[in-house]
Amino acid sequence: NKAVIKAEQAFRLYRKIDAEKKACFLEQIAEEIIKSNDLIQRCSEETGLPEARLMGERARTISQLKLFASLVREGSWVNASIDTAISDRTPLPKPDLRQMQIALGPVGIFGASNFPFAFSVAGGDTASALAAGCTVVVKGHPAHPGTSELTASAILKAAHATGMPDGVFSLVQGAGTEVGMAIVTHPLIKAIGFTGSFRGGKALYDAAAQRREPIPVYAEMGSINPVFILPEALKTRGGEIAFNLTESITLGAGQFCTNPGLVVVEETSEGYLLFQEKTNEKLSNTTASAMLTPGIKQAYDNGTQNFLKIEGVSELARGRGGDIMNSGIPQILTTTAAIYLDHKELSEEVFGPSSLFVKAKDKDEITKLAENLDGHLTATIHGTEDDLKVYADLIHILERKVGRIIINGFPTGVEVCPSMIHGGPYPATTDSRTTSVGTLAIYRFTRPVCYQGFSDVMLPSELKNSNPLSIFRLVNGKLSQDQI
Ligand code: NAP
């Protein structure tokens, strides 16, 4: 309650702070994170993630903060739109109307377990919310409390150094649902950003919808990221695809939201047996690595075991066991499209280094399978030019199912840039119109306001006639940087 009240008081000042100062604040957070000596070691100890991976993730976190700093500094993201008055229009005069995006208010962010930097305390959700002009209260993930505390102190140092109002950012910790629920149901909180399980995300979404004033919850939840390997690609590049796909499945102990959990192949394709053999060869030489928490490891083991209890599901390949705590053994299971379509539970996410290879008889069965997919973050197609012509319909089906379609690549490795969409239809997320990665993420924390009949002096700088910020604006339907 104290953190949220401070966030509301700070919001009244922070929302009006100019873009240059906000950009400096974001850049200073990046600086303080780099300066934080113990961060990498502490994080590795808490999560079991190797230092090299964490260095890479820290670099990504810093580039996210800098990306939002440059977005805010450039300024056109507010989508300013100006329709000037036509006083002699008949039968009625047209008023002067001007519109732009403004910040929603204090927002609650839930740090993710699987990205202790890039999707946690100073991750993309926090960066985009602060860039939008919102103040932030983060609920730290209980899997990395020390990392959260160190990151929060970097943000607070940056806030102090750049003269941000007290309360612009707070971290609250505590395992158990009470802390998170208190944030979601607090009347002063205006939106939520979340990455984690379907159960957690849906519970928070429902709680937010039942508030006296319902608020948006941008929850990024489970996704199995289907991969379709088309017949000619399987025949000509099956071995290479098997190698790279197995790497993508086992990367980071499979604890990525874009992990390929479902692979669809045509069993009758000439290259199928070689593909299967190469997958087995690669996976049996892959050693298990530590998973993030005992709970996540347990959920992984339960998930793969539950799949194997279904008649017609079997193990295709198995990796080497590790002698470290919480290690998740890589596993590839297989079944037929008919069994997959008959068992809805096979489309549930098993978070970890496993995948289900589904063998289809023909194109019709592949198409049926695609049509029956739920919403996911990504879908991948491996195909030659001819394959892609024959399967042109598949892309049209997948456009309605996912946020990002990848051709001849792999879904893991999410670029942070304006064109990225890391989102997708429910149940992958609670709002398919947004993304949690890339500059578009800022609009989760803003809303448009229209100013009618305002004199120039009363208007925000973004909408003044002289365009003092030199931003791009839609003026009477034409995009321009000009004065009016
Ligand atoms: P989680 O259980 O959903 O927890 C994420 C955060 O939400 C934690 O801070 C948790 O707090 C909070 N939370 C969860 N349920 C809540 C509720 N009902 N009310 C209030 N707060 C709640 O996710 P996780 O611990 O990271 O991992 C568990 C499973 O989530 C994994 O096995 C995996 O299946 C999935 N996961 C998916 C992704 C993805 O990107 N698709 C990423 C990470 C995890 P407390 O723990 O303190 O209660």
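Structural data are supplied above this passage.
Notes on the structure in this doc start here. Not measured: the values here are computed from a predicted model.

**Topic: the overall build of the protein**
A tally of regular secondary structure across the protein gives 15 helices and 19 strands. Since a compact globule built from 484 residues should have a radius of gyration of about 23 Å, the 24 Å found for the protein is in line with a globular shape. For the protein, the proportion of contacts with a sequence separation of at least 24, taken over those separated by at least 6, is 75%. Here the protein has roughly 20800 Å² of accessible surface; of this, 53% comes from carbon and sulfur atoms.

**What to know about unusual backbone geometry**
For the bond running from T90 to P91, omega is 5 degrees, close enough to zero to count as cis. Within the fold, P91 resides in the loop between β1 (81-83) and β2 (97-103). Here Y426 and P427 are connected by a cis peptide whose omega angle stands at 10 degrees. Phi is positive for N476, which is not a glycine, with a value near 45 degrees. Looking at the element boundaries, N476 is found in the loop between β18 (473-475) and β19 (478-480).

**Describing the site of the ligand**
Lining the immediate surroundings of the ligand are 25 residues, of which S113, K139, S197, M221 and C257 lie closest. S197 is positioned with one of its side-chain polar atoms (N or O) 2.5 Å from an oxygen atom of the ligand. Take E220: an N or O atom from its side chain is 3.3 Å from an oxygen atom of the ligand. Across the complex, the protein chains shield 84% of the 860 Å² of accessible surface that the ligand would expose by itself. Put simply, the parts of the chain that give the shell around the ligand at least two residues each are α7 (177-185), β6 (191-195) and α8 (198-209).

**Observations regarding helix α9 (residues 231-250)**
Since the α-helix turns once every 3.6 residues, residues separated by three or four places project in the same direction. For α9, with 20 residues, the first-to-last C-alpha span of 24 Å runs short of the 28 Å given by 1.5 Å per residue. Within α9, the axis deviates most sharply at R237, by approximately 90 degrees. One or two positions beyond α9, positive phi appears at G252, with a value near 60 degrees.

About the thresholds
Residues numbered from 1 in each chain as written. Predicted model: local features only at pLDDT ≥ 70, side-chain atom pairs only at ≥ 80, totals over all residues. Heavy atoms only, no water. Helix = DSSP H or I, 4+ residues; strand = E, 2+ residues; numbered from the N terminus. Rg over C-alpha atoms; globule rule 2.2 N^0.38 Å. Contact = heavy atoms within 4.5 Å. Areas by Shrake-Rupley, 256 points an atom, 1.4 Å probe, with all protein chains shown as cover. Near = heavy atom within 4 Å. Polar contact = N/O pair within 3.5 Å; in protein donor to acceptor, adjacent residues only side chain to side chain. Expected span 1.5 Å × (residues − 1). Bend = angle between axes of the 7 residues up to and from the residue.

Geometry only, nothing functional implied.
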